[in-house]
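Structural characterization, general
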Amino acid sequence: MSEAVNEESPLLVGLNEVQKRAVSTVDGPVLILAGAGSGKTRVITHRIAYLIQENQINPENILAVTFTNKASREMKYRVEELLGGMGKGLWVTTFHSMGARVLRKHASAIGYDRNFSIYDDSQQKSTMKAVIKLMNLDPKRYAIRYCLDMISGFKAQSLAPDEVRPRDFDPKLVEIYAAYQEELKQSQAFDFDDLLFQLVKLFRLNPEILAIYQQQFEYIMVDEYQDTNVIQYQLIRMLSNLHHNVCVVGDEDQSIYSWRGADISNILDFKKDFATPEKGVLRFELSINYRCPPACLEAANLLIKNNLQRTSDKAELMASKQADEGISYYLAPNAQDEADYVMSRIDQLSFENVDLSTVVILYRTHAQSRIFEQSFMRYGIPYQIFGNVRFFERREIRDILAYLALLHNPFDADSLFRVVNFPPRGIGATSQDKLRIFSHNHSIPPLLAMDGIDTVGPAVQKKFLMFYEYYNDLRDRLQAGTSLLDLTRAILEELEILHYWDQKDETDRVQNLQELLNTIAEYEREEENPTLEGYLEKSVLISGIDALDEAQQNVTMMTLHNAKGLEYDHVFIVGMEEGLFPHRNSLEDSQNLEEERRLCYVGITRTMQKLTLSGARLRDVYGQLSYQVPSRFLREIGDPFLAPTDFAVGI
DNA sequence: TTACTGATCCTTTTT
DNA sequence: GGATCAGTAA
């Protein structure tokens, strides 16, 4: 069922033949295999615009799912640019935001309050910690991280506690899973995975609710489909099961999230899974790369060939660019020298008036950013880091957000215990444990239990009561219409929190809190209808990459994972050493090793102009000096593409 | 109850 | 090298 390409549409101008067909084929299931730099985003945005402009589809009937908020914002912006205001009502969203949005509407259908909280990683940790403690388990045997990872895995596989086969796993673990879910439920909280897991549950248990969305979303598009997991697959499957107009875009070679449950077979089996008797799957392959210099592309192709588990029969990427500065490799005597080398190169670029926002340093782990950060400061080069200690994860920020979260959702146990003794009120660990147990035994949320607890002495009782009354006072003010900014200011002042940090000479924290007030002010200014709920959701779902500020002339530093979907003129991939990249935890397992290689492939193909690889012979690992061996990926890329002049010799 | 000290375990990658 | 934790003194 090939369609005639509408040559008249301005939305097709400037696209190549395959791109044109991918844009204009809107009916039925469509698979777009899009190699790195092949104009994928362009195809998706033009396709959305095409649907609206040429096929007269109402924007409200289009769903476009991405993985990061940044990607979705970018997509929205570019569609807007193409359509000029006609795109209002489009659902361009991340999987998780979509989950939050739909769950807010129908939470009661699965026994949740619409004011539910969303727990991030650190809240999951403290909740799990409480669970292990309540269950009297050995925290060594049942490490928090391990339990959470397992549970996250279950949820990614769409398995509820009673669906996990205990014979396959430690039965205790399944008990922990059930108890953890119960704890979340008591707190009226969802964790990240729940935003998808519970959404699927909602749809399963309430076909009439699913039907609303099936009818609404006539056209569905999914970006980065190679990184979807079982639960995301199920969601797309459910939602598209009425109209069957589902278009997925992805690239097997760029799958880098299998550790999060992403399953490459989703994209490999798309044909089989989504074809209907009436509508077969159409497949388009974008294999011309418009981004990278030929040497980069050649190197990337050589590298990825070492992966034996590539299953699709897709063609090798072809270069369209001519200009080429080659690839350099610098082997530094030690990590400090590596950083200095990169600095001197960037300094040179700056001297040549290169806009520094076109320069990026990519590394495997966050820990590597520190040495570069120090060098940047020494050289006086402006920089920005993404994802390391995210703003909203700082302790002082979390404390205040916990007050706000508790105001929004009084059931939120984690937030309560976070603030009950901050600033110190003489309610220590012992009293907190008693409150927890009392709350648990009587099935009363801990906040309310503070009013009736009879298992503590009168002195502590009084402290509980005072907290409870202060809480109610704040809540009254919120309901009376006090703005979020004013309320937060009041909390900071009345609890003397700035003073508290000041006293401890923690001026950074004071500054961060001022910055928090700024973000709230900004939120209230920019949002049409600012709410406490909206602000909290934004602060928890936002990820490091979302704060990326292209307007600033700063060099950017980030992990390779964060770089997916981005492109830069000048790319530095640092720490090309065995044990670091590929990471030591992946050396033993060929599957993991292939994922590392794909990660390297992603990194290389971010390059628009010049790629520089580097590594050190000697590096601090866990505070111990260790001799490093150059990464095997360098060998796989091969000498011809590494400019020999840049080799540094010896120590 | 808190605040400090020394020991111990790590960290891969993220919505 | 650093975050987190158990143990101890005030």
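The notes below deal with the structure included here. Quantities reported herein were computed from a predicted structural model and do not represent experimental measurements. (Residues numbered from 1 in each chain as written. Chains lettered and ligands numbered in written order. Predicted model: local features only at pLDDT ≥ 70, side-chain atom pairs only at ≥ 80, totals over all residues. Heavy atoms only, no water.)

Per the secondary structure count, chain A includes 26 helices and 18 strands. A compact globule built from 651 residues should have a C-alpha radius of gyration of about 26 Å, and chain A, at 26 Å, falls within 12% of that. Taken along the three principal axes of its C-alpha coordinates, chain A extends 80 × 65 × 55 Å. Burial analysis of chain A (651 residues in total) assigns 55% to the buried set. Partitioning the intrachain contacts of chain A with sequence separation of at least 6 by distance along the chain shows that 77% fall at a separation of at least 24. Surface exposure of chain A reaches about 28700 Å², of which carbon and sulfur atoms provide 49%. Considering chain A, the positive charge centre built from 69 side chains and the negative charge centre built from 93 side chains are found 3 Å apart. (Helix = DSSP H or I, 4+ residues; strand = E, 2+ residues; numbered from the N terminus. Rg over C-alpha atoms; globule rule 2.2 N^0.38 Å. Buried < 20%, exposed > 50% of the residue type's maximum accessible area, 1.4 Å probe, protein only. Contact = heavy atoms within 4.5 Å. Areas by Shrake-Rupley, 256 points an atom, 1.4 Å probe, with all protein chains shown as cover. Lys, Arg positive; Asp, Glu negative; His and termini not counted. Charge placed at Lys NZ, Arg CZ, Asp CG, Glu CD.)

Okay, a positive patch on the surface next. Where like charges cluster on the molecular surface, the positive patch consists of Arg73, Lys76, Arg101, Lys105 and Lys538. Here Lys76 falls in the partly exposed class, since its relative accessible area comes to 42%. (Patch = residues over 30% accessible without salt bridge, like charges linked within 9 Å, V, L, I, M, F, W, Y side chains within 5 Å. Salt bridge = Lys/Arg side-chain N within 4 Å of Asp/Glu carboxyl O.)

Taken as a whole, this structure holds 19 aromatic pairs when the rule is applied. Their ring planes at 20° and their centres at 4.6 Å tell us that Phe270 and Phe274 sit as a pair that is stacked. One end of the pair, Phe270, and the other, Phe274, are both in helix H12 (residues 270-274), four residues apart, so they sit about a helical turn from each other. Taking relative accessible area as the criterion, Phe270 reaches 0% and is therefore assigned buried. (Phe/Tyr/Trp six-rings, centres within 6.5 Å; stacked < 30°, edge-to-face > 60°.)

Tallying each qualifying case throughout the model produces 33 salt bridges. Its salt-bridge partner being Glu533, residue Arg114 comes within 3.3 Å of it at the nearest N-O pair. Remark: Glu533 occurs in helix H24 (residues 532-541) and Arg114 occurs in the loop between helix H4 (95-106) and strand E4 (117-119); sequence separation between them is 419 residues. Of the residues examined, Glu533 reaches a relative accessible area of 16% and is grouped as buried. One salt bridge connects Asp120 with Arg398, and the closest N-O pair in it is separated by 2.8 Å. Here Asp120 is found in the loop between E4 and helix H5 (121-134), whereas its partner Arg398 is found in helix H16 (residues 395-408), with 278 residues between them in sequence.

A separate point is unusual backbone geometry. Pro423 follows Phe422 through a cis peptide bond whose omega is -10°. For Pro423, the location among the structural elements is in the loop between helix H17 (413-419) and helix H18 (429-442). The residue after Phe581, namely Pro582, is reached through a cis peptide bond having omega 10°. Position of Pro582 among the secondary structure elements: in the loop between strand E15 (568-573) and helix H25 (590-604). In this structure, Gln56 takes a positive phi of about 55° despite not being glycine. As for its position among the elements, Gln56 is in the loop between helix H2 (40-53) and strand E2 (62-66). For Gln56, a relative accessible area of 62% puts it in the exposed group.

Core analysis: the largest hydrophobic core is formed by 64 residues, its most contacted members being Phe95, Met98, Met128, Phe203 and Leu239. Those residues in contact with Met98 that lie beyond four places of it in its chain are Leu63, Trp91, Thr93, Leu199, Leu235 and Leu239. (Core = buried A, V, L, I, M, F, W, Y, C linked by side-chain atoms within 4.5 Å.)

Below, the discussion takes up the side chain of Thr228. Locating Thr228 in the fold gives a position in the loop between strand E6 (219-222) and helix H10 (230-239). Looking at Thr228, the relative accessible area reads 0%, which means it is buried.

This part is about helix H6 (residues 144-156). The periodicity of an α-helix, 3.6 residues per turn, causes residues three or four places apart in sequence to face the same way. The end-to-end C-alpha distance of H6, which contains 13 residues, comes to 18 Å, matching closely the 18 Å that a straight helix rising 1.5 Å per residue would cover. If you check which residues of H6 are buried, you get Cys147, Leu148, Ile151, Phe154, Lys155 and Ala156. In this structure, the buried side of H6 is in contact with H5, helix H7 (171-186), strand E5 (189-191), helix H8 (194-205) and H10. Just beyond H6, the residue with positive phi is Ser158, at close to 65°. (Expected span 1.5 Å × (residues − 1).)

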